[in-house]
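Descriptive structure summary
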Amino acid sequence: MSKKETVSGSEKFEQYYSSLYGTRWPSLRDAMLKETKPISLSDRLTEPYYLDKASILAASILPISENNSVLDMCAAPGGKTLVLSLKLNGTGRLVSNDRSAARRNRLINVLDTCLPENLRSVVKVTGHDSTQWSLHEKEVYDSILLDAPCSSERHVLNDSSALSEWSPNRPKMLSKQQFAMLCAALDAAKGSGYVLYSTCSICDMENQAVIDRLCKKRSGLFEEVDMLTINPELERLSEPLSHGRIVLPDVQDGCGPLYFCLLRKTLTM
């Protein structure tokens, strides 16, 4: 058996992220091993819901006005959908989607438990494949949140089984899926509509590289929005990347990781 074949998943993980973050990696890894510090979302909910502060921050960046048509493409377990619902304030419509039946049931329970009836009444839960969304709906939504499935390194680090099975092929595979979802989201947005792309990954391949690929494949169809014009506090709470921003827990204690990038569609497809 070759030396390469004997390298464990945990060793591959350590080598991979050490190469990405260099001398910062040990402190970042240690921060992700600590417990998170979720906060209560809003006193407007019928039951308390606790969510990572970075997730609230990111979802709040998506421009939403009352009576808008909004899509949450990968919504379970539901925290970010609650943020979007509060912004709609019982007007317009919100499609909250998750392909997994188990995760969708959890999503429905969160919405039924936490949202007052006037907010819940405008939320529709669906179970579609987000990569195929534009085959059925194009240029429909004013604002779209794509909180894409990702490597979720915090979870991996805290799950010995997931860590032992980790491979560099995982971010490669996920980045392809994320790009397909992002293309579908852009197609589903109205002209001048917004798409917020986010992940809880710390991997460049799943974050700014996905946006960079979109820039090359869909050049001229969208622009990146300077999120500091929406919330100047982002300068203190997050770090800029080549595209978008990221909240990392070694700086923002107990928050993140959370990557996000806001796009505005400039042309119809």
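Residues numbered from 1 in each chain as written. Predicted model: local features only at pLDDT ≥ 70, side-chain atom pairs only at ≥ 80, totals over all residues. Heavy atoms only, no water.

Turning to the nonpolar core, a few remarks are in order. Within the largest apolar cluster, 42 residues are counted, with the highest numbers of intra-cluster contacts made by Trp-25, Met-73, Ile-144 and Leu-182. Of all the secondary-structure elements, those providing two or more residues to this core are helix H2 (9-21), helix H3 (25-33), strand S6 (141-147), helix H8 (153-157), helix H10 (169-188), strand S7 (189-199), helix H11 (208-217) and strand S11 (258-265). Element by element, the count of residues in this core is highest for H10, at eight residues. The contacts of Ile-144, once residues within four sequence positions are left out, are Leu-62, Leu-71, Met-73, Ala-185, Ala-188, Ala-189, Tyr-194, Val-195 and Leu-196. In terms of nonpolar packing, the next biggest core, distinct from the first, is built from 40 residues, Leu-45, Ile-61, Ile-64 and Leu-115 among them. (Core = buried A, V, L, I, M, F, W, Y, C linked by side-chain atoms within 4.5 Å. Buried < 20%, exposed > 50% of the residue type's maximum accessible area, 1.4 Å probe, protein only. Helix = DSSP H or I, 4+ residues; strand = E, 2+ residues; numbered from the N terminus. Contact = heavy atoms within 4.5 Å.)

Time to look at the packing of aromatic side chains. The full count for this structure, using the stated rule, is eight aromatic pairs. Pairing Phe-13 with Trp-25 gives two aromatic rings, centres 6.1 Å apart and planes at 55 degrees, and the pair type is tilted. Placement of Phe-13 in helix H2 and of Trp-25 in helix H3 is noted, with a sequence separation of 12 residues between them. Through pairs of rings, three or more aromatic residues link up here, namely Phe-13, Tyr-16, Tyr-17, Trp-25 and Trp-166. Its guanidinium or amino end placed over the ring of Phe-179, Arg-213 lies 3.9 Å from that ring's centre, counting from NZ or CZ. (Phe/Tyr/Trp six-rings, centres within 6.5 Å; stacked < 30°, edge-to-face > 60°. Lys NZ or Arg CZ within 6 Å of the ring centre and 35° of its normal.)

What follows covers the layout of surface pockets. In this structure, the largest pocket encloses a volume near 1,100 Å³. Along its surface, the largest pocket is lined by 42 residues, and Pro-77, Arg-103, Asp-147, Ser-152 and Cys-200 are the ones closest to its centre. For the lining of the largest pocket, the elements supplying multiple residues, two or more each, are strand S2 (50-51), helix H5 (79-88), H8 and H10. Each residue belonging to the lining of the largest pocket can be placed in one class, and the counts come to 17 nonpolar, 14 polar and 11 charged. (1 Å grid on protein atoms, 1.4 Å probe; cavity = no way out; pocket = protein on both sides within 12 Å on 5 of 7 lines; lining within 4 Å. Points joined across faces, edges and corners; volume = space filled by probe spheres on them. Nonpolar A, V, L, I, M, F, W, Y, C, P; charged D, E, K, R; others polar.)

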